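# Secondary and tertiary structure notes
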Protein chains: 2
Amino acid sequence: MRVIDTIAEMQQQADQWRRDGVRIGFVPTMGFFHEGHLALMRHAGTLADKVVISIFVNPTQFGPNEDFESYPRDMDRDLAMARGVGVDVVFAPSVEEMYPEGFQTYVTVEEVTRPLCGASRPGHFRGVATVVAKLFHIVKPHVAVFGEKDYQQLLTIRRMVRDLAMDVQVVGHPIVREEDGLAMSSRNTYLCEEERREALLLSRSLEEAQRLVGKGERNGEAILAHVRRVLGAGPRVRIDYAELRDAETLGTVETLSRPALLALAAYVGKARLIDNTVLKP
Amino acid sequence: MRVIDTIAEMQQQADQWRRDGVRIGFVPTMGFFHEGHLALMRHAGTLADKVVISIFVNPTQFGPNEDFESYPRDMDRDLAMARGVGVDVVFAPSVEEMYPEGFQTYVTVEEVTRPLCGASRPGHFRGVATVVAKLFHIVKPHVAVFGEKDYQQLLTIRRMVRDLAMDVQVVGHPIVREEDGLAMSSRNTYLCEEERREALLLSRSLEEAQRLVGKGERNGEAILAHVRRVLGAGPRVRIDYAELRDAETLGTVETLSRPALLALAAYVGKARLIDNTVLKP
């Protein structure tokens, strides 16, 4: 496994592979791996000849009062885990390599980034779209795999790729969960024992919503009221949003007449966690 | 010469060439060719094995009260001229092909697009950066040639390419002028005989500025005052801007201590014309 930290070397490696007819799979990450990341890497391995991952905690997708500084990092552990699942190249640039002096170019995706995390985290998806566009130009992948936990991010990347005619296939991967249902996240390490217990209410509220829909409930407000009730059982849980949105456009949904995204964000202690499920009528 | 009007076919052709080790040169245009365009195409031919040009009057770089509808078009003439200088592929997509329903992604370059044409034409450079980024993803060029008449556009593209790590070499080409000095432009066709005569004041004012600098003038305001005096001799000339700016950053310049861009935009009748020169102390 090769570790590359400059843009020029990564592009050279990608060009070499492309000349040789090698198909490149890519998983962009912020590191501090859990089983969810590894699943994306393994999946990329089934879709391509070589797997490149990036490890880059991207400052431009964090707000001024968010956790960029404290975001968990462990490069040695990450490299060992990546090696363990057969990754071929880890691209791990510095912030200076990615954002040199005078940097002033941003990619913005509009409608699809407005609600949900886009509303709670101004500038977040501009940072995501910009860094992913840049990583695509550097890694030159044929296919890139993104987790569905960051559902709005996946839609944003899909939209960017289509709108700007980037020649990359974007593949989503189902949410990977702990045995008890908690969606895996690097931010779960922020949770103390009691918070960890209450964090389970997120996935449980989604299961309850699925159960309601299975029993015939189609009224969005009724579904959301139940979700909020479940989450309300945790004194350490503070809801940021709980919304039902069109699964393609993220437009508002009042009645479940086609697949809809049920998306949650909640603070559990100081950790901001997200989770989602698609409800099908 | 092949004419392609779909993104998929153009990307296929580019991939084929890249697999074969063919170097791709690219000249994006809005058509209605003059000798300036042809010079860019010939120059691209000296830098690459195959030359692709695009002909696309890009609606997103025109303001609501600008000349998108009336912008001159003549596809048959353009194709004949492109064939005449040895172009290999003309990419000529429809507006629907480039901007399908739901399009919502834009590339924005910040500081360098704020003054000059960026101030006069809000949104113009966002449209330019977005369409050029998309064209680069479609044509996959190794090298792209842009005219220096659109100096701020050239700087914007250079900045975008560097900031987003697009693996394209951006080459500028000197302004091509009519025998009497008027910078060639598709918009020169808007000029009636008298306007055409007065339009010459733009290039003449730049020559006068060069002459002043040659004689030792370093005071920006003195140079600009002279430029405005020269332009003022034309009753049909209405100055949009006449500014001295750092040739790299487009920051303000008061005294000529390093190369500075002298940039002009003026309406001559209904035609908005631009011209520029770099003044070296």
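All residue numbers here refer to positions counted from 1 along the written sequence of the relevant chain. Whichever chain is written first is A, and whichever ligand is written first is 1; the rest continue in order. It should be noted that, the model being predicted, local features are given only for residues of pLDDT at least 70 and side-chain atom pairs only at 80 or more, the latter also being counted only at that level, while totals for whole chains, interfaces and linings use all residues. Calculated side-chain values reflect all of the structure's heavy atoms, with hydrogen atoms and water omitted.

For chain A, the name recorded in an unreviewed UniProt entry is Pantothenate synthetase, with Desulfacinum infernum DSM 9756 as its organism. UniProt positions are given in the numbering used here, feature names are shortened, and annotations may be inferred rather than shown by experiment. Under the UniProt heading Function (unreviewed entry), the note attached to chain A is "Catalyzes the condensation of pantoate with beta-alanine in an ATP-dependent reaction via a pantoyl-adenylate intermediate." On record in UniProt, under Catalytic activity (unreviewed entry), the comment for chain A is "(R)-pantoate + beta-alanine + ATP = (R)-pantothenate + AMP + diphosphate + H(+)".

## Considering the overall build of chain A
Scanning chain A for helices and strands turns up nine helices and 10 strands. On the principal axes, the C-alpha backbone points of chain A span a range of 55 × 40 × 40 Å. Categorising residues by exposure relies on relative accessible area from a 1.4 Å probe, with only protein chains included: less than 20% of the type maximum marks a residue as buried, more than 50% marks it as exposed, and the intermediate range marks it as partly exposed. Sorting the 281 residues of chain A into buried and exposed places 59% on the buried side. Residue contacts follow a heavy-atom distance rule, with two residues in contact if any of their heavy atoms lie within 4.5 Å. When contacts within chain A are restricted to residue pairs at least 6 apart in sequence, those whose partners lie at least 24 apart make up 72%. Using a 1.4 Å probe, the Shrake-Rupley method yields the accessible areas, and only the shown protein chains count as cover for residues. Entry remark: accessible area of chain A is about 11,900 Å², with carbon and sulfur atoms responsible for 47%. When the 35 basic and 39 acidic side-chain charges of chain A are each reduced to a single mean position, those positions are 3 Å apart. The secondary structure listing takes helices from DSSP runs of H or I that are at least 4 residues long and strands from runs of E that are at least 2 residues long, numbered from the N terminus. Positive charges come from Lys and Arg, negative ones from Asp and Glu, while His and the chain ends are left out of the count. A charge is said to be at NZ when it belongs to Lys, at CZ for Arg, at CG for Asp and at CD for Glu.

## Here's the deal with helix α8 (residues 193–214) of chain B
Residues and elements named next belong to chain B. A helix's residues, less one, multiplied by 1.5 Å, set its expected span. Compared with an ideal rise of 1.5 Å per residue, which puts 22 residues at 32 Å, α8 spans 33 Å between its outermost C-alpha atoms and is within 8% of the ideal. Its maximal kink placed at Ser203, α8 deviates by approximately 30°. In this fold, the buried residues of α8 make contact with α9 (220–232), β8 (237–246), β9 (260–268) and β10 (271–279). Taken from the residues just after α8, Gly216 is the one with a positive phi, measuring 110°. Note that the bend at a residue is defined as the angle between axes fitted to the seven residues ending at it and the seven residues starting at it.

## Considering the pattern of salt bridges
Residue and element names in this part refer to chain A. We count a salt bridge whenever a side-chain nitrogen from Lys or Arg sits within 4 Å of a carboxyl oxygen from Asp or Glu. For the structure on display, the rule yields 36 salt bridges over all chains. Notably, a salt bridge pairs Glu66 with Arg121, separated by 2.5 Å at the nearest N-O pair. Of this pair, Glu66 sits in the loop between β3 (50–55) and α3 (75–84) while Arg121 sits in the loop between α5 (116–120) and α6 (124–139), placing them 55 residues apart in sequence. With relative accessibility at 30%, the residue Glu66 sits in the partly exposed group. We note a salt bridge from Asp275 to Arg177, for which the minimum N-O separation is 2.9 Å. Remark: Arg177 occurs in the loop between β7 (169–173) and α8 (193–214) and Asp275 occurs in strand β10 (residues 271–279); sequence separation between them is 98 residues. Given a relative accessible area of 3%, Asp275 falls into the buried group.

## Considering the domain arrangement of chain A
All names here are of chain A. Domain borders in the structure are assigned automatically or taken from a domain database. Each assigned domain of chain A is listed here: domain 1 (2–173) and domain 2 (186–279). Between the C-alpha centres of domain 1 and domain 2 there is a distance of 26 Å. The interface is formed by 21 residues belonging to domain 1 together with 18 residues belonging to domain 2. Note: buried area is the sum, over both parts, of the accessible area (probe 1.4 Å) each one loses when the two are combined. The largest share of the area that domain 1 buries against domain 2 comes from Leu116, Lys149 and Tyr151, three residues that together contribute 35% of it. Linking domain 1 to domain 2 there are one salt bridge. Where Arg187 meets Asp67, a salt bridge forms, and the shortest distance between an N and an O atom there is 2.8 Å. Definition of a polar contact: a pair of N or O atoms within 3.5 Å, with one able to donate and the other able to accept a hydrogen when the atoms are protein atoms, and with sequence-neighbouring residues admitted only if both atoms are side-chain atoms. Taken together, the connections running from domain 1 to domain 2 amount to seven residue pairs in polar contact (both at pLDDT 80 or more).

## A look at the interface of chain A and chain B
Listed by partner, the interface residues are 31 residues for chain A and 31 residues for chain B. Both faces considered, chain A and chain B share a buried interface measuring about 2,600 Å² in area, 46% of it formed by carbon and sulfur atoms. Among the residues of chain A in contact with chain B, Gln104(A), Thr105(A) and Leu164(A) are the three that bury the most area, contributing 25% of the side total. Where chain A meets chain B, there are four salt bridges. For Lys140(B), the salt bridge identified is with Asp167(A), shortest N-O distance 2.6 Å. Taken together, the links from chain A to chain B amount to 25 residue pairs in polar contact (both at pLDDT 80 or more). Within the residue set of the side of chain A that touches chain B, elements represented by two or more residues are α1 (7–19), β5 (105–109), α6 and α7 (151–163) of chain A. Paired strands, in this sense, are two strands between which DSSP finds at least two bridges. As paired elements, β5(A) and strand β5 (residues 105–109) of chain B share five bridges and run antiparallel to each other. Paired with Thr105(A) across the two strands is Val109(B), which belongs to β5(B).

## Some points on the environment of Gly251(A)
Structurally, Gly251(A) can be placed in the loop between β8 (237–246) and β9 (260–268). The residues touching Gly251(A), leaving out its near neighbours within four places in the chain, are Arg245(A) and Asp246(A).

## Focus on the relation of the copies chain A and chain B
For these two chain copies, the linking operation is a rotation about an axis paired with a shift along it. Overlay of chain A on chain B (RMSD 0.0 Å): rotation 180°, translation along the axis 0.0 Å. When the rotation and shift are considered jointly, the pair of chain copies conforms to a two-fold rotation axis. Among all C-alpha atoms of chain A, that of Val107(A) lies closest to the rotation axis, at 2.3 Å. For the least-squares superposition of copies, only C-alpha atoms count, and only for residues with pLDDT at least 70 in both.

## Here we look at the packing of aromatic side chains
Stacked, edge-to-face and tilted are the three classes for Phe, Tyr and Trp ring pairs, Trp counted by its six-membered ring, which pair at centre distances within 6.5 Å; planes under 30 degrees apart are stacked, over 60 edge-to-face, the rest tilted. With the rule as written, the count across this model stands at 14 aromatic pairs over all chains. An aromatic cluster is defined as three or more aromatic residues linked by ring pairs; in this entry it consists of Phe56(A), Tyr99(A), Phe103(A) and Tyr106(A). Here, a charge over a ring is recorded when the distance from Lys NZ or Arg CZ to the ring centre is within 6 Å and its angle to the ring normal is within 35 degrees. Over the ring of Phe32(A) we find Arg77(A), and its NZ or CZ is 5.0 Å from the ring centre. Here the basic side chain of Lys270(B) rests over the ring of Tyr190(B), its NZ or CZ set 5.0 Å away from the ring centre.

## Section: the UniProt feature "binding site: beta-alanine" (unreviewed entry) in chain A
Residue and element names in this part refer to chain A. The UniProt entry lists Gln61 under the feature "binding site: beta-alanine" (unreviewed entry), expressed in the numbering used here. Considering the arrangement of structural elements, one finds Gln61 in the loop between β3 and α3. With near-sequence residues (within four places) excluded, Gln61 lies in contact with Met30, Glu66, Arg121, His124, Gly127, Val128 and Val131.

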